[in-house]
Amino acid sequence: MPGILLGALAIALAYGAAFLPGATTVAPWLMMVGIALLVCSLCLLGTRRRGGARPLALLIGLALLALVLLGGFGAALVLPPEGAAAPLLLGLPRRAALLVYGIGLLPALFLPLIYAFSFDAAVLSQAELRELRSQLADLARERTLE
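How each quantity is defined
Positions within a chain are numbered from 1, following the residues in the order the chain's sequence is written. Selection of residues for local features in this predicted model requires a pLDDT of at least 70, selection of side-chain atom pairs for listing and counting requires 80 or more, and totals for whole chains, interfaces and linings are taken over all residues. Only hydrogens and water are set aside; all other atoms, that is, all heavy atoms of the structure, feed into the side-chain values. Definition used for salt bridges: Asp or Glu carboxyl oxygen within 4 Å of a side-chain nitrogen of Lys or Arg. Each helix is a run of DSSP H or I of at least 4 residues and each strand a run of E of at least 2, with the numbering of both proceeding from the N terminus. Think of it in three bands: residues with accessible area under 20% of the maximum for their type are buried, residues over 50% are exposed, and the middle band is partly exposed, with areas taken using a 1.4 Å probe on protein chains only. Expected span, for any helix, means 1.5 Å times one less than how many residues it has. Throughout, the arc means the angular range of directions from the helix axis out to the C-beta atoms. Any pair of residues with heavy atoms lying within 4.5 Å of one another is described as a contacting pair. Each residue gets a pLDDT score, which is the predictor's confidence in that residue and runs from 0 to 100.

All right, on to the pattern of salt bridges then. When their charged atoms lie close together, side chains carrying opposite charge are able to pair. This structure, assessed with the given rule, holds two salt bridges. Between E82 and R94 there is a salt bridge, with the nearest N and O atoms lying 3.5 Å from each other. Residue E82 is found in the loop between α3 (56-78) and α4 (94-117), and its partner R94 is found in helix α4; the two are separated by twelve residues along the sequence. Across the salt bridge formed by D138 and R141, the nearest N and O atoms sit 2.2 Å from each other. Here R141 and D138 lie together in helix α6 (residues 126-145), a separation of three residues that amounts to about one turn. Its relative accessible area of 33% is what places D138 among the partly exposed residues.

Looking now at helix α1 (residues 2-18). Look at α1: 24 Å from first C-alpha to last across 17 residues, which is about the 24 Å you get at 1.5 Å a residue. Among all positions of α1, only G3, G7, A10, I11, A14 and A17 are buried. The buried side chains of α1 occupy one side of the element, clustering within an arc of 125 degrees when seen end-on. Of the exposed residues in α1, those oriented more than 90 degrees away from the buried face are P2, L5 and Y15. Summarising the contacts, the buried residues of α1 are in contact with α2 (27-45).

Glancing now at the confidence of the model for the chain. Taken as a whole, the chain shows an average pLDDT of 84; of its residues, 93% reach a score of 70 or greater. Ranking the helices and strands of the chain by mean pLDDT puts α1 first, with 92, and helix α5 (residues 119-122) last, with 68.

Below, the structure written as structure tokens:
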């Protein structure tokens with residue numbers, strides 16, 4: 001899957017750029033793009049089926065997940081430095097609140113709902129389940145013959 005490869009490459013480049021003196025400003029942005037791409041690609045890989053068709057609700061949900069990750073990380077990177085007297089947001093400094101609530105909690109609320117809405121179209125049909133069981137039985141017979 002190209003998204004997994006590109007996401008891992010962006011993360012590797014971000015780690016490499018962190019050690020270069022002039023490229024340290026681009027490293028966090030590479031890491032942000034790499035993480036968002038890798039997470040969404042792995043979620044998409046988990047729903048792969050024969051035929052390749054995925055429910056529209058799932059694709060919209062994963063696009064929303066990418067936007068939430070990019071927006072949360074991007075906002076945390078763009079915020080100006082805070083002092084000790086900076087106001088807290090739900091008990092945390094603004095950057096930490098963005099990361100914990102925006103990137104950690106928000107996707108945990110809507111992503112399971114997206115999977116639930118697309119469950120009927122994403123799971124195996126009865127015919128596909130029978131075919132899978134038949135293939136497993138054939139493999140079990142071949143193994144006992146060895």
